[in-house]
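Each chain is listed here by its residues.
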Amino acid sequence: MHDLRALRADPAAFDAALARRGLPAVAESLVKEDEQRRAALAELQEAQGQRKGLAKEIGQAKRKGEDTAGIEARGAALRDQIATLEARANEIQKRIDDVLQQLPNQLDANVPDGRDENDNVVVHQRGEVPSFAFEAKQHFELGEALGMMDFPSAGKIAGSRFVMLRGALARLERALGQFMLDTHTGEFGYEEVTVPLLVNDAAMYGTDKLPKFAEDSFHTDDGRWLIPTGEVPLTASVMGDILPAESLPRRMTTLSTCFRSEAGSAGRDVRGMLRQHQFTKCELVSVVAPEESDAEHERMTRAAETVLERLGLPFRRVLLCAGDTGFGAAKTYDLEAWLPGQQAWREVSSCSNTRDFQARRMNARMRREKTTVFVHTLNGSGLAVGRVMIALMEVHQQEDGSIRVPEVLRHYMGGLDVIRA
C-alpha cells in the first residue's frame, strides 16, 4: 500500500500528495498510531526477553531443588503481559492498515492538477477525423440494421447491458481480439497467457480492486470474484514471489472475457455496447524493476496505439489529471477513439503505471544484490475489443449501412472486405 517509513520521514509530503487528489490530511494521526505501535512492540520485546530470562532461572532453580513457585508466578504475569502487548500492537496495526488500504496511490509529479476529465491534457492526436457526405449512424443503429447486433435476445436471457453478436459482427469481434494478441506477442514481446476468470480475495486485494471497488465486481456464492479485467489474474500471478532480476521485465497479455457490475453508471450509455456487464478485452501487464517503469509505461501505451493506427482509427492520447487518475495508478494515459455517430471521443484503452503500489499489497519483490525490493507493475488495455469494434463500425461505415473491414483484419475474416446485411 504505502511505505510507513517514507511517511514518517516526510509526513507533509504524504499529505500534500493526498491533497492533490482532494483528500484530507492523515499523516499526523498515522504517525501517532505508528509510534504507539512501535512502543508496544518495544515493550513486547522487553517482556519476551524477561520471560526468557525467567525460564532460565526456573531451570537453574529446579536443578538445585529450590522452590520455583515465585518465579513461575512472575513468568505467568509476564505471559499475560505479552499477550496484552501483542493484542495492542495488532489492534493498532489493523487501524493503520484500515486507513492505508483506503488511500490511493501517490501521483507522479508530471500528472497535471485538476478535478475531473475536463482537466485532462491531450498529449497528441493521430489520424484524421472522418467527414461523411451522409449522417453518420451510431454502432447500434448499424448493427441492428445489419441484423447482427441483438439486444432483445440478450436481454431476454440475461437482462440489460448484454448483447448477442451474430454472423460477421461476431467474427469481427473474434478477429479484433486475435489481431491484438498477434500484434502484442509478435511485435512487442508479450507472452500470451490464458487466465482463470474467477479469482480469490487475495488476487483482488493485491491488484487494488478490494475493498474499495467491491460493488463494481460480481461475487460468486463460493467466495470468488469474476474478473473485472485480465489485469487481476495476470498481475496477481507474481503475488508473494521473489523474482530473479534477470527474469525482468516480465510482459504478459491475455484475451479474456471480463465482468463489471457498472454499479455507479445507472443511466449512462444505456444504448448499445459501450458499457456492458460482460465484454472482451486484450490486457497488457508488465512487471519490471523500479527504475524501468516509466520507460515501460511509454512502451506499453505505444503498443496499444499501434493497434489503433493499423485499424485506421483516429485517436488521441490523454494524460489524466489528478482528479481523474484511478485509485491504484501513479500515472495514466487514456487512448480515446473518435466515434462519428456520437461525435465524441471515447476511451478504448487506459494504460497505468502503478509503481510499487500493487506490489506492496501482494508482496511481490525482486532480488537485488543481497536484499529484495518491491517490483513495479503496469497494466493497460491493448485494447478493449468491444469499444474498438464500436469505433471501427462507426469510422468505416458507408452510406448504405455496410462496414468496410480494415485490410489488416481481412485475413482473420476469411477475406471479407465489407460487412453487409
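Residues numbered from 1 in each chain as written. Predicted model: local features only at pLDDT ≥ 70, side-chain atom pairs only at ≥ 80, totals over all residues. Heavy atoms only, no water.

Under the annotation held in an unreviewed UniProt entry, the chain carries the name Serine--tRNA ligase and is attributed to Bombella apis. Checking UniProt for the chain, the heading Function (unreviewed entry) contains the comment "Catalyzes the attachment of serine to tRNA(Ser). Is also able to aminoacylate tRNA(Sec) with serine, to form the misacylated tRNA L-seryl-tRNA(Sec), which will be further converted into selenocysteinyl-tRNA(Sec)." Its UniProt record gives the chain a comment under Subunit (unreviewed entry), which states: "Homodimer. The tRNA molecule binds across the dimer." (UniProt positions renumbered as here; feature names shortened; annotations may be inferred.)

A.B. asks: Please provide a residue-by-residue account of the overall build of the chain, values included.
C.D. replies: When helices and strands are tallied, the chain shows 13 helices and 17 strands. Structurally, the chain occupies a C-alpha span of about 105 × 45 × 40 Å along its principal axes. Across the 421 residues in the chain, those meeting the buried criterion constitute 49%. A separation of at least 24 residues holds for 72% of the contacts in the chain among residues at least 6 apart in sequence. As presented, the chain carries roughly 19,900 Å² of accessible surface, and 47% of it is formed by carbon and sulfur atoms. (Helix = DSSP H or I, 4+ residues; strand = E, 2+ residues; numbered from the N terminus. Buried < 20%, exposed > 50% of the residue type's maximum accessible area, 1.4 Å probe, protein only. Contact = heavy atoms within 4.5 Å. Areas by Shrake-Rupley, 256 points an atom, 1.4 Å probe, with all protein chains shown as cover.)

A.B. asks: Give a description of helix H3 (residues 27-63) that names residues and reports values.
C.D. replies: For H3, built from 37 residues, the straight-helix expectation of 54 Å at 1.5 Å per residue is met to within 8% by its first-to-last C-alpha distance of 54 Å. For H3, the full list of buried residues reads Ala27, Leu30, Val31, Asp34, Arg37, Ala40, Leu44, Ala47, Leu54, Ile58 and Ala61. Contacts made by the buried residues of H3 are with helix H1 (4-9), helix H2 (11-20) and helix H4 (69-100). One or two positions beyond H3, positive phi appears at Gly65, with a value near 75°. (Expected span 1.5 Å × (residues − 1).)

A.B. asks: Tell me about the pattern of salt bridges, and name the residues and values.
C.D. replies: Under the defined criterion, the tally for this structure stands at 29 salt bridges. Ionic pairing is found between Arg166 and Asp150, a salt bridge with its closest N-O pair at 2.9 Å. On the criterion of sequence distance, the pair formed by Arg166 in the loop between strand E3 (164-165) and helix H7 (167-187) and Asp150 in strand E2 (residues 149-150) is long-range, its members being 16 residues apart. Using a relative accessible area of 37% as the deciding quantity, one classes Arg166 as partly exposed. For Asp400, the salt bridge is made with Arg420, and the minimal N-O distance between the two is 3.3 Å. With Asp400 in the loop between helix H12 (385-395) and strand E16 (403-404) and Arg420 in the segment after strand E17 (418-419), this pair connects stretches of sequence that are 20 residues apart. Take Asp400: its relative accessible area is 56%, and that puts it in the exposed class. A network of salt bridges, in which partner residues are shared, links Glu298, Arg302, Glu305, Glu309 and Arg317. (Salt bridge = Lys/Arg side-chain N within 4 Å of Asp/Glu carboxyl O.)

A.B. asks: Residues and numbers for the UniProt feature "coiled-coil region" (unreviewed entry) in the chain, please.
C.D. replies: With numbering matched to this structure, UniProt assigns "coiled-coil region" (unreviewed entry) to residues 30-102. For residues 30-102, the helix share is 90%, the strand share is 0%, and the end-to-end C-alpha distance is 13 Å.

A.B. asks: Describe the UniProt feature "binding site: L-serine" (unreviewed entry) in the chain, with residues and values.
C.D. replies: UniProt tags Thr229, Gly230, Glu231, Glu283 and Ser381 as "binding site: L-serine" (unreviewed entry). Of the residues just listed, which span 153 residues, no C-alpha pair is farther apart than 9.0 Å, and they cluster in one region. Note on placement: Thr229 falls in the loop between strand E6 (225-226) and helix H9 (231-236). If sequence neighbours within four positions are ignored, Thr229 has contacts with Lys209, Cys258, Arg260, Lys281 and Glu283. Taking the relative accessible area as the measure of exposure, Glu231 reaches 6% and is therefore buried.

A.B. asks: Describe the sheet that holds strand E1 (residues 121-126), and please don't skip the residues or the numbers.
C.D. replies: Picture the strands of a sheet paired through backbone hydrogen bonds; they go either parallel or antiparallel. Strand order in the open sheet made by the eight strands is E1-E10-E11-E12-E15-E9-E8-E4, with mixed pairing throughout. Each edge of the open sheet carries a strand with a single partner, namely E1 and strand E4 (191-192). Where strand E9 (residues 278-288) meets strand E15 (residues 376-384), seven bridges bridge the pair, whose relative direction is antiparallel. Among the inter-strand pairings, Val288 is bridged to a residue of E15, identified as His376. (Pairing = 2+ DSSP bridges.)

A.B. asks: Which residues make up the environment of Met389, and what values do they have?
C.D. replies: Following the sequence through the fold, Met389 ends up in helix H12. You can call Met389 buried: its relative accessible area is 0%. As for Met389 and Phe179, which are separated by 210 residues in sequence, their C-alpha atoms are 12 Å apart. If sequence neighbours within four positions are ignored, Met389 has contacts with Leu165, Leu169, Leu172, Glu173, Leu176 and Met273.

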